[in-house]
Amino acid sequence: MSTTAWFILIGCLMLARGLAADSIARLPMTSAMAYLGVGLLLGPMFLGLFAFDLVEQAPLLETLTEIAVLISLFSAGVKMPVPFSLARWLPSLRLAWLSMAISVALVAAFAHWVLDLPLGAGVLLGAILAPTDPVLATDVQLRHAGDSDQLRFMLTSDAGMNDGSGFPFVMLGLGLLGLHELGPHAGTWLWRDLLWASVAAIVLGAAGGALLAWLGWQLRGKEPKHAVLDDLAGLGLIALVYGVATWLHAWGFLAVFFAGVALRQTELVLAGAPTDRQGLLQAEEAHAVSATQAHDSAAPLTVSGEALVFKEHLERLSELTLVLLLGGAVTAAAWSWQAWSVALFLLLVARPASVMLGLLASGTSVRLRGLAAWFGVRGIGSLYYLSYAIAHGLPHGLARELADITIVVVMLSIIAHGLTVTPLLRRYWRK
């Protein structure tokens with residue numbers, strides 16, 4: 001397809017999504033399913049008007065998915081309800097770390113014993129497919145900063161953390177394949193890739209978000225008043241925190257998510273929000289308005305609140321672009337029994353089992369755990385991990401095999417979750 005044709009296609013899809021938003025919301029499908037359908041129709045599976053090779057275009061895909069995930073993680077972070085409570089976050093922490101490890105182990109065992117892949121490739125595949133996606137899962141995530149629904153909170157915070165908590169397992173898989181240093185008895189991996197990279201990312205992100213909140217508040221409180229370009233400040237925080245985290249060999253995805261969390265929490269505290277939970281929830285609702293509404297109301301401006309709408313627009317654009325490219329990456333060769341078996345095993349066995357085991361004795365209801373076990377859509381995060389591994393020297397044959405499996409898993413996940421999200425959530429909230 002020519003550049004002109006791409007402009008026309010993207011323009012038509014954006015106009016359709018923008019003008020028919022209410023009609024699409026009533027349909028038993030998600031916007032990601034529509035973009036995937038267009039990509040499949042125009043791609044190699046049907047009309048063959050364009051093709052996108054995940055292996056050959058891995059550097060480009062890595063950059064595109066990296067940017068999309070970073071923006072989505074920051075948006076998820078600033079929507080986290082306050083106050084921060086370890087008791088409230090504990091189920092999400094268990095999902096992001098314990099359930100993540102269980103899922104990786106189950107998929108690795110399946111890939112090694114059923115698909116006859118090397119152990120390192122099995123661990124890498126488990127790490128690629130384990131994280132839930134912050135970009136495509138917006139239908140089951142928090143709607144705004146004042147949303148306190150328990151299911152949406154758990155799924156949003158899990159998706160915000162597990163794109164970073166999956167990184168140690170990516171490095172473990174690459175190490176077992178001889179592409180990354182693990183050290184004697186995996187000691188280097190344990191302290192550097194798991195402990196240091198994770199803890200340093202959380203601390204750095206929290207410090208960066210809190211500092212920006214304080215700076216913004218100080219500038220707005222000065223006389224004469226200082227204007228703050230919130231969108232640029234938010235993007236600057238993402239870039240700075242991610243860059244410094246990468247420089248310090250910490251997981252940048254984790255750092256950006258917790259930067260968003262700390263930014264929102266600190267701004268509400270500086271605004272004089274009450275310290276009790278009910279009071280803070282009321283304060284959040286007062287701040288959970290659009291940029292236009294915020295300018296017309298008495299609510300104080302905040303970087304997190306003002307920048308959120310802009311970030312959500314970028315999320316929609318990245319979802320459209322990347323899912324369309326995913327449709328163009330699907331070929332007949334990808335539909336192997338290996339890809340189908342991994343997809344079914346992940347969606348029906350590994351994800352449910354890992355969530356149920358990870359949330360044992362967590363105080364959550366069986367119904368809540370059941371929904372969390374199902375709503376774990378795979379998407380942009382998995383594509384990023386795949387392209388990251390390819391760019392770091394994954395052998396071509398193995399890269400092609402893992403790419404085909406990942407394509408099928410992500411596509412079936414988009415379809416399965418897209419078809420079930422509306423009826424299941426309506427039933428959940430009705431009860």
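Here is what the cut-offs are and how they apply
- Every chain is numbered on its own, with residues counted from 1 as its sequence reads.
- For this predicted model, a pLDDT threshold of at least 70 governs which residues receive local features, and a threshold of 80 or more governs which side-chain atom pairs are given and counted, while totals over whole chains, interfaces and linings are taken from all residues.
- Based on all heavy atoms of the structure, the side-chain values leave hydrogens and waters out of the count.
- Per the convention used, a helix needs a DSSP run of H or I reaching at least four residues, while a strand needs a run of E reaching at least two, with both numbered from the N terminus.
- We call a residue buried when its accessible area falls under 20% of the maximum for its residue type, exposed when it is over 50%, and partly exposed in between, using a 1.4 Å probe and counting protein chains only.
- Every residue pair with non-hydrogen atoms within 4.5 Å of one another is taken to be in contact.
- Here the Shrake-Rupley method, with its probe set to 1.4 Å, supplies the accessible areas, and only the displayed protein chains count as covering residues.
- Salt bridges are defined as contacts in which a side-chain nitrogen from Lys or Arg sits within 4 Å of a carboxyl oxygen from Asp or Glu.
- The pairing test for Phe, Tyr and Trp rings, Trp by its six-membered ring, is centres within 6.5 Å, and the orientation test on the planes gives stacked under 30 degrees, edge-to-face over 60, and tilted for anything in between.
- Geometrically, a charge over a ring is one whose NZ (Lys) or CZ (Arg) sits within 6 Å of the ring centre while staying within 35 degrees of the ring normal.
- Inter-axis angles, ranging from 0 to 180 degrees, are taken between N-to-C directions of lines fitted to C-alpha atoms, where helices are fitted over the stretch in contact.
- An angle counts as roughly parallel when it lies under 35 degrees, as roughly antiparallel when it exceeds 145, as roughly perpendicular when it falls between 65 and 115, and as oblique in every other case.
- Two helices cross in a left-handed way if the nearer one is turned anticlockwise from the farther one by less than a right angle. They cross in a right-handed way if the turn is clockwise.
- His is not counted here, nor are the chain ends, while Lys and Arg score as positive and Asp and Glu score as negative.
- Among the buried residues, those of types Ala, Val, Leu, Ile, Met, Phe, Trp, Tyr and Cys that are joined through side-chain atoms within 4.5 Å form a nonpolar core.
- Multiplying one less than the number of residues by 1.5 Å gives the expected span of a helix.
- Each C-beta atom gives one direction from the helix axis, and the arc is the one those directions make.
- Nonpolar residues are Ala, Val, Leu, Ile, Met, Phe, Trp, Tyr, Cys and Pro. Charged residues are Asp, Glu, Lys and Arg, and all others, Gly as well, are polar.
- Only residues whose relative accessible area exceeds 30% and that form no salt bridge are eligible for patches; like-charged ones are grouped when within 9 Å, while nonpolar side chains (Val, Leu, Ile, Met, Phe, Trp, Tyr) are grouped when within 5 Å.

A. Focus on the overall build of the chain. Each helix and strand counted, the chain has 18 helices and zero strands in total. Taken over 431 residues, the chain has a buried fraction of 54%. At a minimum sequence separation of 6, the contacts of the chain that also span at least 24 residues come to 82%. Counting only carbon and sulfur atoms, one obtains 68% of the accessible surface of the chain, whose full area is about 17800 Å².

B. Structural detail: the pattern of salt bridges. Using the criterion set out here, one finds three salt bridges in the structure. In this structure, aspartate 193 engages arginine 192 in a salt bridge whose closest nitrogen and oxygen atoms are separated by 3.4 Å.

C. View of the packing of aromatic side chains. Enumeration over the complete set of coordinates arrives at 17 aromatic pairs. Relative to phenylalanine 257, the ring of tryptophan 89 lies with its centre 6.2 Å away and its plane at 55°, an arrangement referred to as tilted. Here tryptophan 89 is found in helix H5 (residues 86-113), whereas its partner phenylalanine 257 is found in helix H11 (residues 252-270), with 168 residues between them in sequence. By the burial criterion, tryptophan 89 is buried, and phenylalanine 257 matches it. Pairing tyrosine 384 with tyrosine 385 gives two aromatic rings, centres 6.1 Å apart and planes at 50°, and the pair type is tilted. You can call tyrosine 384 buried: its relative accessible area is 2%. Grouped by ring-pair contacts, the aromatic residues Phe167, Tyr242, Trp251, Phe253, Tyr384, Tyr385 and Tyr388 constitute a single cluster. Directly above the aromatic system of phenylalanine 153 lies the positively charged group of arginine 88, at a separation of 4.6 Å from the ring centroid.

D. Here's a closer look at the packing of helix H6 (residues 119-129) against helix H8 (residues 167-176). In the contact formed by H6 and H8, the axes pass within 7 Å of each other and the chain directions differ by 160°. The orientation of H6 with respect to H8, classified from their angle, is roughly antiparallel. Of the two possible hands of crossing, H6 and H8 adopt the one that is left-handed. Contacts between H6 and H8 involve Leu119, Gly120, Val123, Leu124 and Ala127 from the former and Phe169, Val170, Leu172, Gly173, Leu174 and Leu176 from the latter.

E. Region of the structure containing the side chain of glutamate 319. Examined against the element boundaries, glutamate 319 turns out to sit in helix H14 (residues 303-329). We note that glutamate 319 is buried and unpaired, the nearest opposite charge coming from arginine 17 at a distance of 5.6 Å.

F. Main features of the nonpolar core. Judged by nonpolar contacts, the single largest core of 110 residues is most densely connected at Leu125, Phe167, Val170 and Phe257. Here this core takes twelve residues from helix H18 (residues 396-430), the largest share from any one element. Of all hydrophobic cores here, the second largest spans 14 residues; its members include Met154, Leu155, Val355 and Leu368.

G. Seen up close, helix H1 (residues 3-19). A rise of 1.5 Å per residue sets the reference length of H1, with its 17 residues, at 24 Å; its end C-alpha atoms lie 24 Å apart and thus fit the reference within 8%. Within H1 the residues assigned to the buried category are Leu9, Ile10 and Leu13. Axial view of H1: buried residues confined to an arc of 90°, hence all on one face. Opposite its buried face, H1 presents the exposed residues Thr4, Phe7, Ile8, Leu15, Gly18 and Leu19, each directed more than 90 degrees away.

H. Main features of the environment of arginine 192. Mapped onto the secondary structure, arginine 192 falls in helix H9 (residues 187-221). When the C-alpha positions of arginine 192 and leucine 182 are compared, they lie 9.3 Å apart, and in sequence the two are ten residues distant. Apart from residues no more than four positions distant in its own chain, arginine 192 is found in contact with His180, Glu181 and Ala197.

I. The packing of helix H7 (residues 150-165) against helix H16 (residues 366-374), seen in detail. Interhelical geometry of H7 versus H16 gives an angle of 40° and a closest axis separation of 10 Å. Here H16 runs oblique to H7, going by the angle between their axes. The chirality of how H7 crosses H16 is right-handed. Packed against H7, whose contacting residues are Gln150, Leu151, Met154 and Leu155, the element H16 presents Leu368, Leu371 and Ala372 at the interface. Residues belonging to the contact of H7 with H16 are distributed by class as follows: six nonpolar, one polar and no charged.

J. Structural detail: a nonpolar patch on the surface. Together, Leu190, Trp191, Leu195, Trp196, Trp247 and Leu248 make up a nonpolar patch on the protein surface, roughly 690 Å² of accessible area in all. No other element matches the four residues that H9 contributes to the nonpolar patch. Examined against the element boundaries, leucine 190 turns out to sit in helix H9.

K. Region of the structure containing unusual backbone geometry. The phi torsion at aspartate 116 lies on the positive side, around 60°, for a residue other than glycine. Relative to the helices and strands, aspartate 116 resides in the loop between H5 and H6. The backbone phi angle of histidine 185 is positive, close to 55°, even though this residue is not glycine. Position of histidine 185 among the secondary structure elements: in the loop between H8 and H9.

L. Region of the structure containing the side chain of glutamine 265. Its place among the elements puts glutamine 265 in helix H11. Under the relative-accessibility criterion, glutamine 265 is labelled buried at 13%. Apart from residues no more than four positions distant in its own chain, glutamine 265 is found in contact with Met80, Pro81, Val82, Pro83 and Phe84.

Treat this as a map of the structure, not an account of what it does.
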